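Residue-level structure breakdown
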Amino acid sequence: MAKADKRTPDQQKQGAALREEGSKWLARVEAAGKLEKQWMDDAEKAVKAYTGETKSDDLSTSATLGNTYDFNILFANVETIVPAIINSPPAPDIRRRFADEDPAAKDVAELIERAIRTQIDDSKLQAEMEGQAQDGFLAGRGIVRLRFKSDFIKDETTNAELERASNAADRGAGADAPTAGDDTEGRDDYSAPSNGPAAVGQGERLANECIEFEAVSWRDYRHGPAKRWKDRPWDAFRFVVQREDEAAVFDADLISIQTNDQEKRDRGESDSDLTGWEIWDKGSRKVIFIDDNGVVLKKVDDPLGLTDFFCIPAPVQPIELTGRLMPVNPFSIYSKLADELDLTTKRIRIITNHMKVKGWYPGDAGDIANMLAAEDAEFVPIGNADIWAANGGLSGAVAFWPVEKFIAVLRELYGAREQTKQAIYEITGISDIVRGASQASETATAQNIKTQWGSLRIQKMQRMMERCARDIFVMMSEIIPAKFSHETLQQMTGVQILPTQQDLTPIQPPPAPPPGAQVPPEQQKQRQEAMQAAEQAEYPARSLDAGLCSDASRDRAGPCDRPACSRRPDYRCRDAAERQARRRRSAGKRERHE
């Protein structure tokens, strides 16, 4: 009989500890969901109302009034506010705060700004921020997360490599022959260490590095308990992975020690997608992947290396309370008025449908029936005209449906609907000037006053989105220098970072003229220019890693030991290089004078 569990006792012990850790994290995520359950229920109702999938509160009978919003004021409000607060891509402005005289810092600021602009255009940040704003004003919370991704291409196998692999196989070395091809392999922000660019494997070359933006649904996010966003202990994101990709995405060895043989068979035979939570634990600075059964799928050390650790800025929440992170659904503030507005619209539709030209007449009056069935501008003959005239004519024989009663009711309903709309606009802060509606009798001063006071809350929402974009740029300015390779930065920004072969080739200064020889002024000028070019080639003015050291106290021309300069020891300290260049120019002047 086969053993039910082939794991060793140590593996079973480790697996039990991991399963217990996973169960604790799932309990925390579930508790966070229960804490925000009321808001999530309100947000779900708002989403269904926005898409026309919900029932409004019917004040009479649902069979009469219908099931969905006829006047969807929520859709109109969201589609008005979102373009008003985010209508163009955010533009980074990277510069020194106090404009100090630091050429190296200026060069690095320009380099990072160019890199951020390129990532904004390539990764379509505006589209993701529009989705974030839509979630914020529809559900109450909008989230954008950052991912670092690097693509690697497998190099084609050369004939020499195939021959070496064949010889190794003949000798019985058991080496696997490399496979040919140029397949592109993508690695996300969990593949590279946090202290440097992604490592390139054997037979691979780096094809692209980028920062991707993703608008996270409010349903797929949880956070730890705190009173301020910067104090929250953890974040959790919902993930869905195809079952056949489990071994490629997660740690198969870690999963193996947590499951017995029966569980392994069940996981392998399952056709459903693998779902769970991606937890960012700030205390341990680790990212932990846990499925819905409590199995720890993978653990990754600080993938992005950010100061605040988390991969998202503070979420956008239009309605917040001090000391509480749970948002408020904006639609719940005026949902009763929206139902009243919808009820009025439905009654207008019902009354309009009953406003028809109809009436009644005596059953034996065939001439009247012919007259009522006549078309426009058509006259029909009538018999016994004298008798009809003596009895009061046609008005005495036909009674019409009292349409004028319906007109009075409709007039009141339209007025009530406009009053309800104005009440909603006062609550939401959407002024008539923002919606592009005004009266011709209003003066320009009156419209300017409306614009100034009606857009105060819109300006507050715009500042909220600007704050989010600024936080994203700060995170990108940390990721780009730490994760991007020098080659990628050079291609992305168009700034020469790596020295070319010509830069590395020393330029020999022209030979000095014989003593006592008369040098023409033109040749003397050319010789000075050649000497300056040789000095510039030996000591480059621009450096890669945050510039060269500008410490005026350094009086040597050796490699700078600062962290910003230590990665390129072949570059000299800027101040020391300039002083040495001045000494050489002074020595040249003395030689010419002599």
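The model shown is predicted, which means the values in this text are computed figures rather than measured ones.

With respect to the packing of helix 4 (residues 73-85) against helix 6 (residues 125-138)
Relative to each other, helix 4 and helix 6 sit at 135°, their axes nearing to 10 Å. For the element pair helix 4 / helix 6, the angle class is oblique. Crossing angle aside, the handedness with which helix 4 passes helix 6 is right-handed. Along the contact surface, helix 4 presents Leu74, Val78, Glu79, Ile81, Val82 and Ile85, while helix 6 presents Glu130, Ala133, Gln134, Phe137 and Leu138. Taken together, the residues of the contact of helix 4 with helix 6 break down into 8 nonpolar, 1 polar and 2 charged.

Some thoughts on the sheet that holds strand 5 (residues 234-241)
Consider a sheet: its strands pair through backbone hydrogen bonds, and that pairing is either parallel or antiparallel. The strand order across the open sheet formed by 5 strands is 4-5-6-7-8, and the pairing between neighbours is antiparallel. Single-partner strands in this sheet number two, and they are strand 4 (221-223) and strand 8 (296-301). Strand-to-strand twist in this sheet, taken as the mean axis angle between neighbours without regard to direction, amounts to 20°. For strand 6 (residues 274-281) and strand 7 (residues 286-291), the ladder comprises 6 bridges, and the chain directions are antiparallel.

Considerations on the side chain of Glu278
Structurally, Glu278 can be placed in strand 6. Exposure remark for Glu278: the relative accessible area of 3% places this residue in the buried category. Within polar-contact distance, the side chain of Glu278 engages the side chain of Arg145 at 3.1 Å.

Side note on the pattern of salt bridges
The final tally for this structure, using the stated rule, is 26 salt bridges. For the salt bridge of Glu21 with Lys299, the shortest nitrogen-to-oxygen distance reads 3.0 Å. With a gap of 278 residues between them, Glu21 in helix 1 (residues 9-35) and Lys299 in strand 8 connect regions that are remote in the sequence. You can call Glu21 partly exposed: its relative accessible area is 24%. Lys346 serves as the salt-bridge partner of Asp70, at 3.8 Å between the closest nitrogen and oxygen. Placement of Asp70 in the loop between helix 3 (62-65) and helix 4 and of Lys346 in helix 12 (residues 335-354) is noted, with a sequence separation of 276 residues between them. Note on Asp70: relative accessible area 38%, which makes it partly exposed. Residue Lys346 is classed as buried on the basis of its relative accessible area of 2%. Here the residues in one salt-bridge network are Asp70, Asp342, Lys346 and Arg349, joined through shared partners.

Regarding the pairing of strand 7
Among the 6 residues of strand 7, 5 are classified as buried, and the element is accordingly described as predominantly covered. Sheet topology note: the strand 7/strand 8 ladder contains 5 bridges and is antiparallel. Looking across to strand 8, one finds that Val287 is bridged to Val300. What sits between the antiparallel neighbours strand 7 and strand 8 is a turn of 4 residues, in which Gly294 has the positive phi angle 90°.

The rules behind these values
Residues numbered from 1 in each chain as written. Predicted model: local features only at pLDDT ≥ 70, side-chain atom pairs only at ≥ 80, totals over all residues. Heavy atoms only, no water. Axes fitted to C-alpha atoms, helices over the stretch in contact; angles between N-to-C directions. Helix = DSSP H or I, 4+ residues; strand = E, 2+ residues; numbered from the N terminus. Parallel < 35°, antiparallel > 145°, perpendicular 65-115°, else oblique. Left-handed = near helix turned anticlockwise from the far one by under 90°. Contact = heavy atoms within 4.5 Å. Nonpolar A, V, L, I, M, F, W, Y, C, P; charged D, E, K, R; others polar. Pairing = 2+ DSSP bridges. Buried < 20%, exposed > 50% of the residue type's maximum accessible area, 1.4 Å probe, protein only. Polar contact = N/O pair within 3.5 Å; in protein donor to acceptor, adjacent residues only side chain to side chain. Salt bridge = Lys/Arg side-chain N within 4 Å of Asp/Glu carboxyl O.

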